[in-house]
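Secondary and tertiary structure notes
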Amino acid sequence: MSVILQISDTHFGTEQPPVVEALLALAWQLQPDLIVLSGDVTQRARPAEFAAAAAFVARLPPVPRLVVPGNHDIPLFNVLQRVIDPFQGYRQCLGSALEDSRRLPDVFMTGVNSVRAWRHKHGSLSPEQIEAVAERLRRAGPTPMRIVVVHHPLDVHDAGDLGDIVHGASEAVRAWARAGADLVLSGHVHVPLCRPLAVRYGPEAGTCWMAVAGTATSYRIRGGHPNSVNVIRVDHFAGEVRRVLEQRDYDSERQAFRVAATRDLSDRVLTVITR
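Residues numbered from 1 in each chain as written. Predicted model: local features only at pLDDT ≥ 70, side-chain atom pairs only at ≥ 80, totals over all residues. Heavy atoms only, no water.

Things to note about helix α1 (residues 17-30)
An ideal rise of 1.5 Å per residue puts 20 Å on 14 residues; α1 measures up with 20 Å between its terminal C-alpha atoms. Within the sequence span of α1, burial applies to V19, V20, A22, L23, L24, L26, A27 and L30. Against β1 (2-7), α2 (47-59), β10 (228-237), β11 (240-251) and β12 (256-264) lie the buried residues of α1. (Helix = DSSP H or I, 4+ residues; strand = E, 2+ residues; numbered from the N terminus. Expected span 1.5 Å × (residues − 1). Buried < 20%, exposed > 50% of the residue type's maximum accessible area, 1.4 Å probe, protein only. Contact = heavy atoms within 4.5 Å.)

Laid out in structure tokens, this is it:
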């Protein structure tokens, strides 16, 4: 079995210390095989915020990580750096790779950078990026699960967030589904979502799912949704592969992340089991 912990939108600079500690406790309890940070690690890409993010990452279990940048991880007010080297602070804190891949025995995961220096908020995927991801998925070979990580989502829960869907989403859904993608992990909107991409894109999405994580540690929650993270489990049972996503919400009374919903990603239709 493989266990993956998705952490998104920590927004260091606006983090809540008790939530940070609860998230670290969850990470050590889970002992995941892979940790994903799906962007907006900082609030304004300031040195102190990157330092706090680096200190947090250093306290996580020493397992492989896949990290992609978010729009908050490039400077907003330092226009010169934004033009010359927008990812300087990010690279110093989290490594030079903006689009990396990881492989577990039963999972292939690849990241893609949707952040554009000339945009304040919205993301974009170029045709070249979309095809490069599709090629990586095709080259992954037989594997029970193929996952793409991108900060800006391909689908959203609320109609008011439709403008936050990444530019090039339709083309990406079509290409990645054909290449065998099973799941796309994102963040950005701070509103959790997990459902088949076919709900929005129809048959071209195949059986690929979309999972958007809420903000992991920031006080910048939205619509009453608490801080949350996702846990993906890939298990083998009776000769079949079961792929499950757990949404873990922060419980302020217990100061811990608890299971809020479990979704079976092996189904072609949406199955939700709430607790």
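Right, picking up where we left off after that structure.
With respect to α2
Helix length check: α2 (13 residues) gives 19 Å between terminal C-alpha atoms against 18 Å at 1.5 Å per residue, within 8%. For α2, the complete set of buried residues consists of E49, F50, A53, F56 and V57. One side of α2 holds all its buried residues, which, seen down the axis, span an arc of 120°. Set apart from the buried face of α2 by more than 90 degrees, the exposed residues are P47, A48 and A58. Its buried side turned inward, α2 meets β1, α1, β2 (34-38), β3 (65-68) and α4 (88-94). (Arc of directions from axis to C-beta.)

A word on the pairing of β1
Among the 6 residues in β1, 6 count as buried, and that is most of the element. Judged by which residues are buried, β1 turns out to be covered on both faces: S2, I4 and Q6 on one side and V3, L5 and I7 on the other are all buried. Of the pairings in the sheet, the one linking β1 to β10 comprises 5 bridges and is antiparallel in character. Opposite S2, over in β10, you have V234 as the bridge partner. Looking at chain direction, β1 and β2 are connected through 4 bridges and run parallel. For L5, the partnering residue across the bridge sits in β2 and is I35. This β-α-β element, β1 to α1 to β2, shows right-handed connectivity. (Pairing = 2+ DSSP bridges. Right-handed = clockwise from strand over helix to strand, strands pointing away.)

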